[in-house]
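An overview of the molecular structure
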Amino acid sequence: MKIHREELQQQREELPIELFYAGCKSPETKKKYTRTLNKILCDVLEDVLEGTFEQRANQLVSYSQENPKWIQGVLLQLSEKLRKRTELSPDHADYLNPTSVNNYFKPLRKLLDMNDIPVSWKRIYATFPELDNVSESRGYTLQEIQKLLQHANGAIDRAIILIASSSGIRVGGFELKWKDIVPVYQVDEKITFDITESQEKQAEIVCAMISIYNDSNQKYPAFITPEAYDALLNYKMEWIKEVGREPKPDEPIFKREGILPIPAKPTAIKQRMERILGRSGIRMPLVTGKRRHDVPVMNGFRRFWNKTCNETTSKDSPLASLIKKEYLMGHSGLVKTNKNYFKTQISELIEEYLSVVPNLTISNEKRLRLENKKKTEKIEKLEQQQKEIENLKLEVKRIDIKNKISDALKKRFIEWAEENPDKANAIQIAKTGLGKMDIDDIVEHLISKHDGDIGEYLERISLSNISVKDE
């Protein structure tokens, strides 16, 4: 392995904006950061920089390299103007939620960090306004999601609603390909991704795994309920009908209308949901003075998922369960080291997810069916445990009876030996027939015919006559 001189020269000549793009690993993050950065460079700094968006980004980096204090001043000025907007009345057209201030600085920091521009970020963050306005937004309720399904327009709407509510993924995660969906089966209480032809009849789909951001280093696994997977298969039939063939693994699941499998953008997914919200009557026009709806269009499903998971009991410790659920939401964990130090196997994530499937199921009929199944399995498990306990008790009883019979026989032979010292040698004792006695058969007879009552049998042993017989 060698590094060549021309490669270093090429790296030095790379434009600042290209480094910015390279630093945005997630396609959705790249779009979001580029949109915000464009607003800052072309609108906020309209009189400071010149040229196109890319040229302005390069100028900003160039000025910052020449004079680090200049960029520090720009950032402080931006923070001050944003802070003044947060102090306006919430019904003012220029009002800015304090929680949104940092969103303006994230793309700027990405651009400057990728170009090695030193900035005292602690000083910048210290000027941010206090986050004293708690958001009143919430997630969808179960009843609201049921109502959305009633106003869904076709299989694609149902699939979007059920996938969003059962996986908790962001709207950017809907850029899925058919290869990203894998059903999870249960065969004889064993969880597996693959089944044989002979197992098809007894195999049950308990959930499906979806790979989010599969083509980036932000990839993480999420899961959907059997109900959502069924909706996806129904939509697949529509997909095939429109295109005229089976989808290929690398083709998009959610596509634009028409015969060509062109991916539907996240904005199109969100627009479909907005139309459903309008038809259902769940989302009404905002009243005067209110800037936001109570439930975010797509993030409302994510909040429903998070709330449902947190309210569902887990066999794990609360901390371990919380870390797994954070991982399933695409978060790194409670702290940044969790993803490195808490390596969770897919099987463990599936087990965690299966515990919440009944509560993530939207259909009342299917929820009831899952609850009944869960109760039946619990009863069967308790019955099996009780049966095992009874078997253990019976085995203990067998051992106890066998020991008492053995002790009684030993005691009687000792008495016989003391009464007949002339016959108490090893050979004569062997000829008494003690070695031929099948105590196990006697124990089973006493348990089955006398319910384990051995008092009479022990008395018979104590009164028995012992004789030596030659064979």
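Quick note: structure is the one above.
Residues numbered from 1 in each chain as written. Predicted model: local features only at pLDDT ≥ 70, side-chain atom pairs only at ≥ 80, totals over all residues. Heavy atoms only, no water.

Looking at the nonpolar core
Core analysis: the largest hydrophobic core is formed by 59 residues, its most contacted members being Phe174, Tyr235, Phe254, Met273 and Phe301. For this core, the element with the highest residue contribution is helix α9 (residues 155–167), accounting for 8 residues. Once you skip the residues sitting within four places of it in the chain, phenylalanine 301 turns out to touch Tyr140, Ile145, Leu148, Ile161, Ala164, Ser165 and Met273. (Core = buried A, V, L, I, M, F, W, Y, C linked by side-chain atoms within 4.5 Å. Buried < 20%, exposed > 50% of the residue type's maximum accessible area, 1.4 Å probe, protein only. Helix = DSSP H or I, 4+ residues; strand = E, 2+ residues; numbered from the N terminus. Contact = heavy atoms within 4.5 Å.)

Let's talk about the environment of isoleucine 447
Structurally, isoleucine 447 is set in helix α19 (residues 439–450). A sequence separation of 53 residues divides isoleucine 447 from leucine 394, and the C-alpha atoms of the two residues are 9.0 Å apart. Not counting residues within four places of it along the chain, the set of residues in contact with isoleucine 447 comprises Leu394, Arg398, Ile401 and Gly452.

Observations regarding unusual backbone geometry
Backbone geometry at aspartate 116 places phi at a positive 60°, although glycine is not the residue there. Looking at the element boundaries, aspartate 116 is found in the loop between α6 (101–114) and α7 (121–126). Even without a glycine there, the phi angle at aspartate 188 is positive, about 55°. Position of aspartate 188 among the secondary structure elements: in the loop between β1 (181–187) and β2 (190–192). Classification of aspartate 188 by relative accessible area gives exposed; the value is 66%.

A short note on the sheet that holds strand β3 (residues 204–212)
If you walk across this open sheet you meet the 4 strands as β2-β1-β3-β4, and the pairing is antiparallel. Across the chains shown, the open sheet's two edge strands, defined by having one partner strand only, are β2 and β4 (220–224). Strand after strand, the sheet turns through a mean of 30° between neighbouring axes, direction not considered. The strands that helix α10 (residues 226–243) touches are β1, β3 and β4; relative to β3, the one it contacts most, it runs at about 75°. (Pairing = 2+ DSSP bridges. Axes fitted to C-alpha atoms, helices over the stretch in contact; angles between N-to-C directions.)

With respect to a negative patch on the surface
Together, Asp188, Glu189, Glu380 and Glu383 line one region of the surface with negative charge. Structurally, glutamate 383 can be placed in helix α17 (residues 364–419). (Patch = residues over 30% accessible without salt bridge, like charges linked within 9 Å, V, L, I, M, F, W, Y side chains within 5 Å. Areas by Shrake-Rupley, 256 points an atom, 1.4 Å probe, with all protein chains shown as cover. Salt bridge = Lys/Arg side-chain N within 4 Å of Asp/Glu carboxyl O. Lys, Arg positive; Asp, Glu negative; His and termini not counted. Charge placed at Lys NZ, Arg CZ, Asp CG, Glu CD.)

Considerations on the packing of aromatic side chains
Inspection of every chain in the model, using the stated rule, returns 11 aromatic pairs. Taken together, the aromatic side chains of Phe105, Trp121, Tyr125 and Phe128 make up a single cluster linked through ring pairs. One cation-aromatic arrangement involves lysine 236 over tryptophan 178; the distance from NZ or CZ to the ring centre is 5.5 Å. (Phe/Tyr/Trp six-rings, centres within 6.5 Å; stacked < 30°, edge-to-face > 60°. Lys NZ or Arg CZ within 6 Å of the ring centre and 35° of its normal.)

Some details on the pattern of salt bridges
Evaluation of the coordinates by the stated rule reveals 18 salt bridges. The partner of lysine 236 in a salt bridge is glutamate 246, and the shortest N-O contact between them spans 3.9 Å. In this pair, lysine 236 is assigned in helix α10 and glutamate 246 in the loop between α10 and α11 (266–280), connecting sequence segments 10 residues apart. The class for glutamate 246 is exposed, based on a relative accessible area of 52%. The partner of arginine 272 in a salt bridge is glutamate 257, and the shortest N-O contact between them spans 4.0 Å.

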